[in-house]
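The chain contents come next:
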Amino acid sequence: MIKKLIIKGSFILVLLALVSCSKNQGNQIKNIIIGTHSNNELKIQIDVTTNDNVQVFAEYWSDKDGIKNKISSPVSKTGLSHSLVLCNIIPETNYSFQLVTIQNKEKDTSKVYTFKSRALPEWLQKQFKANCPKPELLPENFKKGFMLLAKRETPGVAYIVDYKGNLRWYHTVEGTGFKVTHFTKEQSIIAILGKNDEPTSYGSEILEINLQGDTLTYIKKGQGDFKQVIHHEIIKKSANEIVTITVDQKIMDLTSIGGKKNDTINGDGILILDRKGKQLWKWSVFDDLDPMKDKNLLKTKKDWTHANSLNYDKDGNFLISFYNNGQIWKVDAKTGKVLWKLGKGGNMKMSDDSNFSQAHAAHINSEGSLLFFDNGVEKKQSSVFALKLDEKEKTVKLDFHIKLPKDIYNDRMGSAYMIDKDAFLVCCSKRHITVLTNKKGILLWALESEIPPYRVEFIPEEKMKPFLLN
């Protein structure tokens, strides 16, 4: 069990060569203090005071890897006080580092200092177990890359792990859980936060942090135009545009079907906010669908359509999937017009072999196909679909279909992402397992997790540099 304890304060590590530098060993450096950043054992913070206004960065390496494999921290702003955060730290490992100051474009390098990282706290140990009988069958980009997943209950934890199951990065929040997380092209993690009494993937807060653990954006329901509960998805259109799914409520007279005069129907919407919470654009499922045409409305009104993923198509319009009606829609990102509906009762003509049950994590893969995880509730077997869409003719053909083993059938949540042409990372949330499968459905690798992740995203190594490296 995860030990629900987060220790307050910061632990100062032993710096084995503490400073008062002579002129030939970094004459700008006045003092150094080293410890953990925000009490995170995988982030080391070095606070540096300099004699003059300079910029500072650190070059560091594990003693095992040697100086030839040194990593550089980001460069500080010009000033007298500097806080440097070192990532890519391995627990219980000896490290060496040098500080480099920059003044008038001239660099000055300090002598070498050393520290030893501490062990992970007990509640973070043994969270993940990887199983890979034949590592030589794994794609190289997968072995070099990372995976992002998160714990939804409080205290919330976002994790980044490697293919060996090693925890390489984490970030904790108190009082809320990470309901949904997403890695952005700005090298940040944006998330929906929610309390334990909020439903599985629903929350009332937006948090964006960089890989050093610093808060870039924090918006709480009630601030600005952020008035609705959000759920299941959070992505970014640009550096200043946050896109999410909302719970969109409509009050209707349902007395004609046995309901109340002022009855509430919970539908879904799309909301774009800026980083201060100002609304930039919105859309509602009620703009397209009439609830009164649903014969089961009294049963479904509390969660009428249940949108569960949102993404951008190649042309900049939205792809949104719905669990309850078994459909994927394309929505014009400017007008809000629904361009097509794919699935049960949709207006796209589908080949017989392309029928699916409930889609999750619907997106366009690198080969232009619509890729998604199918819960497979009707057949009690989950799978991965890739469909070729002809939007002009409104036809759909199967690209490929990967049937997963029945013993990892997953009826809710889940995700699937392409690693290469014959390798796919698939999260079976309720089974606490993430697998790498080929197109034949043969499992090449598996990761068991103590927590049931809503989804697991793959992040190539090049998108993590210089913060995490393999």
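Residues numbered from 1 in each chain as written. Predicted model: local features only at pLDDT ≥ 70, side-chain atom pairs only at ≥ 80, totals over all residues. Heavy atoms only, no water.

> I would appreciate a short explanation of the nonpolar core in the present structure.
If you look at soluble globular proteins, the nonpolar side chains tend to sit buried side by side. Among the nonpolar cores identified, the biggest contains 26 residues, and Phe142, Tyr159, Leu167, Leu425, Leu436 and Trp445 are the most heavily contacted of them. Looking at this core, the elements with two or more residues in it are strand 9 (146–151), strand 10 (156–161), strand 11 (167–173), strand 31 (423–428) and strand 33 (443–449). Not counting residues within four places of it along the chain, the set of residues in contact with leucine 436 comprises Leu138, Pro139, Phe142, Ile419, Ala423, Phe424, Leu425, Ile442, Leu443, Leu444 and Trp445. Counting 24 residues, the second largest nonpolar core, distinct from the first, contains Met252, Ile265, Ala307 and Ile320. (Core = buried A, V, L, I, M, F, W, Y, C linked by side-chain atoms within 4.5 Å. Buried < 20%, exposed > 50% of the residue type's maximum accessible area, 1.4 Å probe, protein only. Helix = DSSP H or I, 4+ residues; strand = E, 2+ residues; numbered from the N terminus. Contact = heavy atoms within 4.5 Å.)

> I would appreciate a short explanation of the packing of aromatic side chains in the present structure.
We describe a pair of aromatic rings using the distance from one ring centre to the other and the angle between the two ring planes. Summed over all chains, the structure comprises 16 aromatic pairs. Ring centres of tryptophan 283 and tryptophan 329 lie 6.2 Å apart, and the angle between their planes is 80°; this geometry places the pair in the edge-to-face category. Placement of tryptophan 283 in strand 20 (residues 279–284) and of tryptophan 329 in strand 23 (residues 327–331) is noted, with a sequence separation of 46 residues between them. Comparing tryptophan 283 with tryptophan 329 shows no difference in burial state: the two are buried. Judged by centre distance (5.6 Å) and plane angle (10°), the ring pair of phenylalanine 286 and tryptophan 304 falls under stacked. Highlighted residues: phenylalanine 286 in the loop between strand 20 and helix 2 (297–300) and tryptophan 304 in the loop between helix 2 and strand 21 (307–312), separated in sequence by 18 residues. Considered together, phenylalanine 286 and tryptophan 304 belong to a single accessibility category, that of buried residues. (Phe/Tyr/Trp six-rings, centres within 6.5 Å; stacked < 30°, edge-to-face > 60°.)

> What is the right way to look at the sheet that holds strand 15 (residues 205–210) in this model?
In a beta sheet, neighbouring strands are held together by backbone hydrogen bonds and run either parallel or antiparallel to one another. Reading across from one edge, 12-13-15-16 is the order of the 4 strands in this open sheet, with antiparallel pairing throughout. Both outer strands of the open sheet, strand 12 (177–183) and strand 16 (215–220), are each paired with one neighbouring strand and no more. Recorded for the sheet is a direction-independent mean angle of 15° between the axes of neighbouring strands. In the sheet, strand 12 pairs with strand 13 (residues 188–194) via 6 bridges, with the strands oriented antiparallel. (Pairing = 2+ DSSP bridges. Axes fitted to C-alpha atoms, helices over the stretch in contact; angles between N-to-C directions.)

> Would you take a moment to explain the pairing of strand 13 for this structure?
Each regular strand carries side chains that alternate between the two faces of the sheet. Among the 7 residues in strand 13, 7 count as buried, and that is most of the element. Neither face of strand 13 is open: one carries Ser188, Ile190, Ile192 and Gly194, the other Ile189, Ala191 and Leu193, and all of them are buried. Of the pairings in the sheet, the one linking strand 13 to strand 15 comprises 6 bridges and is antiparallel in character. Residue pairing in the sheet places isoleucine 192 in a bridge with isoleucine 206 of strand 15.

> Would you explain the pattern of salt bridges in this entry?
In the structure shown here, the tally under the stated rule is 16 salt bridges. Across the salt bridge formed by lysine 70 and glutamate 59, the nearest N and O atoms sit 3.3 Å from each other. On the criterion of sequence distance, the pair formed by lysine 70 in the loop between strand 2 (40–62) and strand 3 (71–72) and glutamate 59 in strand 2 is long-range, its members being 11 residues apart. In this structure, the salt-bridge partner of aspartate 253 is lysine 261, at a minimum N-O distance of 3.8 Å. The exposure class of aspartate 253 is partly exposed, given its relative accessible area of 37%. Through salt bridges with shared partners, one network takes in Asp313, Asp315, Lys330 and Glu391. (Salt bridge = Lys/Arg side-chain N within 4 Å of Asp/Glu carboxyl O.)

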